[in-house]
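Observations on chain architecture
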Amino acid sequence: MAEALNLPGHGLLAIVGAGGKTTAMYRLAAELAGRGRRVACTTTTRIFPPKPHQARLILAENNERLLEECRDAASSDLPVCLAWTVGGGKLMGLAPDFIHNLADAGIFDWILVEADGARCLPLKAPAAHEPVIPARSTHVLAVAGLTAIGGPLDENHVCRSARFAELGGLAPGARVTPASVARVCAHPEGMFKGAPDDAVRLLWLNQADMPRALDHGREVLGLLRDAAALPQRACIGAADSLTFATEVWP
């Protein structure tokens, strides 16, 4: 996945959207760590704690103590996951300013930040206060779950469904179409809302190992290409599969 996204040796990656952000984050962390990179995962919102094989969890009560623990853990082959506290079964995230300080400290080669929430649904459009992307992110990865295409546009299937309908040109309750996904991806208030102007924009159309999903993904990217709205790198794949072949556009 890291190769498909053409990630360089270091950076600050914000992950937004829906349909597999946390899975993508921990997979990328494992791949980058396997290349010998020092990797930290965190969030500006809330995420589920990592499994023991995914990352070492570090909780701290203040910034200085957290930095100290990061320095101690950075030499490990296992990525680390940073958060303040655990509440309601989820990790509470870090402030963007602290993430910038962490990047300045040079402790990690890569900092991966889940910067959006979607209630475990496959698609979303951001509300006015979303996403929470660190301003110095070098890369922004938007994730969209292809399994939502063909399903109803409602709150059981799409997070912020009314906003998705508005940006995607659909009526509430209509069937989600590849064209609507492409519109939300390309819209200034859509999937890349809040991305720094100089950040590399990456798109991962996830869940492509499900029936018809690969064809839907190709249609989405074809529409973006025809509209001259493809991000710098766009991929169709399955973040939770080690064997599924990925298509990379362009």
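Let me begin by describing the structure that accompanies this report. (Residues numbered from 1 in each chain as written. Predicted model: local features only at pLDDT ≥ 70, side-chain atom pairs only at ≥ 80, totals over all residues. Heavy atoms only, no water.)

Within the protein one finds six helices and 14 strands. Since a compact globule built from 250 residues should have a radius of gyration of about 18 Å, the 17 Å found for the protein is in line with a globular shape. Here the C-alpha coordinates of the protein stretch approximately 50 × 35 × 30 Å along the principal axes. Split into buried and exposed, the 250 residues of the protein put 53% on the buried side. (Helix = DSSP H or I, 4+ residues; strand = E, 2+ residues; numbered from the N terminus. Rg over C-alpha atoms; globule rule 2.2 N^0.38 Å. Buried < 20%, exposed > 50% of the residue type's maximum accessible area, 1.4 Å probe, protein only.)

Turning our eyes to something else, we now look at the sheet that holds strand S7 (residues 90-92). If you walk across this open sheet you meet the three strands as S3-S7-S6, and the pairing is antiparallel. Edge strands, defined here as strands with exactly one partner in the open sheet, are strand S3 (46-47) and strand S6 (86-87). Strand direction decides the pairing type here: S3 and S7, joined by two bridges, are antiparallel. Along S7, the bridge assignment pairs arginine 46 with methionine 92. (Pairing = 2+ DSSP bridges.)

This paragraph deals with helix H3 (residues 96-105). Every α-helix winds through 3.6 residues per turn, so residues three or four apart in the chain are directed the same way. Of the residues making up H3, those classed as buried are Phe98, Ile99, His100 and Leu102. Elements in contact with the buried residues of H3: strand S1 (11-17), strand S2 (39-43), helix H2 (63-73), strand S5 (80-83) and strand S8 (110-114). (Contact = heavy atoms within 4.5 Å.)

Before going further, it helps to spend a moment on the nonpolar core. Ranked by size, the top nonpolar core spans 37 residues in total, and within it Phe164, Met191 and Leu203 carry the most contacts. Listing elements by their share of this core, those giving two or more residues are S1, strand S10 (139-145), helix H4 (161-168), helix H5 (178-186), strand S12 (200-206), helix H6 (213-226) and strand S13 (233-236). Contacts of phenylalanine 164, omitting those with residues within four sequence positions, involve Leu123, Lys124, Ala125, Leu153, Val158, Gly169, Val176, Ser180, Val181 and Val184. Grouped together as the second largest cluster of nonpolar side chains are 29 residues, Leu5, Ala33, Leu91 and Ala239 included. (Core = buried A, V, L, I, M, F, W, Y, C linked by side-chain atoms within 4.5 Å.)

The next subject is the pattern of salt bridges. Within the structure shown, the criterion is met by eleven salt bridges. The partner of arginine 225 in a salt bridge is aspartate 226, and the shortest N-O contact between them spans 3.6 Å. Overall, aspartate 226 belongs to the exposed group, its relative accessible area being 61%. Three or more residues are tied together by salt bridges with common partners; here these are Asp116, Lys124, Glu130 and Arg160. (Salt bridge = Lys/Arg side-chain N within 4 Å of Asp/Glu carboxyl O.)

Let us now look at the packing of H4 against H5. For any two helices packed against each other, the geometry comes down to the angle between their axes and how far apart the axes lie. Where H4 contacts H5, the axes come no closer than 8 Å and their chain directions differ by 90 degrees. As judged from the angle between their axes, H4 and H5 are roughly perpendicular. Facing H4, whose interface residues are Phe164, Leu167 and Gly168, H5 presents Ser180, Val181, Arg183 and Val184. For the contact of H4 with H5, the class distribution of residues is four nonpolar, two polar and one charged. (Axes fitted to C-alpha atoms, helices over the stretch in contact; angles between N-to-C directions. Parallel < 35°, antiparallel > 145°, perpendicular 65-115°, else oblique. Nonpolar A, V, L, I, M, F, W, Y, C, P; charged D, E, K, R; others polar.)

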